[in-house]
Amino acid sequence: MSDTPLSKEQVEALLLRGPFHQWLGLSVVAVGEGTIELKATWRPEWVVNAERGYVHGGILATLVDLTADWALVSKTGRGVPTVDLRVDYHRAAMQGDLTCRGTVVKFGNQLSVAEAQILDDAGRLLASGRGVYMTALAK
């Protein structure tokens, strides 16, 4: 468990250790007690339908998962494994950067619950979800 809060820069350095997170174009906008806001910079490779130009749902699900996961960083000091995840899609994501907001619902010794919302650059809700994460320390 993290005794001292991590700065936005420290969280971003931890997050961007992962090449996939780098590829997603993630940056940390803000970190609070049980909250995080990320920005995902638009990539044309996200598009699943070239004619319509909308983003693949797997990208949105990924952003829900990792945003909820990293909302726990104020308590854990690290990313944690996903146990279960539910995602709801509210509207198609079109070209543009995405805002990802995560909040801890319940922090537990073994398992924790967090949720996330993915918004477009106009602030419209594109996807939301909730995950269960393993927060027990590895032995």
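Residue numbers restart at each chain and count upward from 1, following the sequence in its written direction. Totals for whole chains, interfaces and linings use all residues, but because this is a predicted model, local features are given only for residues with pLDDT of at least 70 and pairs of side-chain atoms are given and counted only at 80 or more. Excluding hydrogens and water, the side-chain figures rest on all heavy atoms present in the structure.

### A few points about the pairing of strand 2 (residues 35–40)
Next, step 1: The side-chain alternation of strand 2 yields one buried face, formed by I36, L38 and A40, and one unburied face, formed by T35, E37 and K39.
Next, step 2: If DSSP finds at least two bridges between two strands, the strands pair. Here a helix means four or more residues in a row that DSSP labels H or I, a strand means two or more in a row labelled E, and each is numbered from the N terminus. In terms of strand pairing, strand 1 (residues 26–32) meets strand 2 through six bridges, oriented antiparallel. Bridging from a neighbouring strand, V31 pairs with I36 of strand 2.
Next, step 3: Count of turn residues in the strand 1/strand 2 antiparallel hairpin: two residues, of which G34 carries a positive phi of about 80°.
Next, step 4: Pairing of strand 2 with strand 6 (residues 98–106), which is carried by six bridges, proceeds in the antiparallel orientation. Bridged to I36 within strand 6 is G102. Remark: exposure states derive from per-residue accessible area (1.4 Å probe, protein chains only) relative to the maximum for the residue type, with buried under 20%, exposed over 50%, and partly exposed in between.

### Let's talk about the UniProt feature "domain: Thioesterase" (unreviewed entry) in the protein
Next, step 1: UniProt positions are given in the numbering used here, feature names are shortened, and annotations may be inferred rather than shown by experiment. The UniProt record marks residues 53–126 with the feature "domain: Thioesterase" (unreviewed entry), using the residue numbering of this structure.
Next, step 2: Secondary structure within residues 53–126 divides into 26% helix and 41% strand; the distance between the first and last C-alpha atoms comes to 15 Å.

### Some words on a nonpolar patch on the surface
Next, step 1: Taken together, the side chains of V83, L111 and M134 present a nonpolar region at the surface, about 240 Å² in accessible area.
Next, step 2: Mapped onto the elements of the fold, M134 is located in strand 8 (residues 125–134).
Next, step 3: Classification of M134 as partly exposed rests on a relative accessible area of 32%. Grouping into patches uses exposed residues only, defined as over 30% relative accessible area, and leaves out salt-bridged ones; the cut-off is 9 Å for like charges and 5 Å for nonpolar side chains (Val, Leu, Ile, Met, Phe, Trp, Tyr). Each accessible area is a Shrake-Rupley estimate made with a 1.4 Å probe; only the visible protein chains count as cover when residues are assessed. A side-chain nitrogen of Lys or Arg and a carboxyl oxygen of Asp or Glu constitute a salt bridge if their distance falls within 4 Å.

### Topic: the sheet that holds strand 5 (residues 82–89)
Next, step 1: As summarised here, the arrangement of the six strands in space is 1-2-6-7-8-5, forming an open sheet in which the pairing is antiparallel. Bordering the open sheet on either side are strand 1 and strand 5, each of which pairs with just one other strand. Across this sheet, the average inter-strand angle for adjacent strands is 20°, counted without regard to direction.
Next, step 2: Where strand 6 meets strand 7 (residues 111–119), seven bridges bridge the pair, whose relative direction is antiparallel. By the bridge assignment for strand 7, V104 is matched with A114.
Next, step 3: Against the sheet, helix 1 (residues 8–15) contacts strand 1 and strand 2, and its axis sits at roughly 135° relative to strand 1.
Next, step 4: Pairs of residues are marked as contacts when any of their non-hydrogen atoms sit within 4.5 Å. The axes used here are C-alpha line fits, helices contributing only the stretch in contact, and every angle between their N-to-C directions lies in the interval 0 to 180 degrees. In the packing of helix 3 (residues 57–71) onto the sheet, contacts are made with strand 1, strand 2, strand 5, strand 6, strand 7 and strand 8, and the angle to strand 5 comes to roughly 130°.

### A closer look at the pattern of salt bridges
Next, step 1: One pass over the full model with this rule turns up seven salt bridges.
Next, step 2: Linking D97 and K39 is a salt bridge whose minimum nitrogen-to-oxygen distance equals 3.3 Å. Linking D97 in the loop between strand 5 and strand 6 with K39 in strand 2, this pair joins segments that are 58 residues apart in sequence.
Next, step 3: Across the salt bridge formed by E45 and R43, the nearest N and O atoms sit 3.2 Å from each other.

### Observations regarding the packing of aromatic side chains
Next, step 1: Stacked, edge-to-face and tilted are the three classes for Phe, Tyr and Trp ring pairs, Trp counted by its six-membered ring, which pair at centre distances within 6.5 Å; planes under 30 degrees apart are stacked, over 60 edge-to-face, the rest tilted. Within this structure, the stated rule accounts for two aromatic pairs.
Next, step 2: With a centroid separation of 6.0 Å and an interplanar angle of 10°, the aromatic rings of F20 and W23 are classed as stacked. Of this pair, F20 and W23 both sit in helix 2 (residues 19–23), three residues apart, roughly one helical turn.
Next, step 3: With centroids separated by 5.6 Å and ring planes inclined at 80°, the aromatic side chains of W42 and W46 adopt a geometry described as edge-to-face. In terms of burial, W42 and W46 fall into one category: buried.

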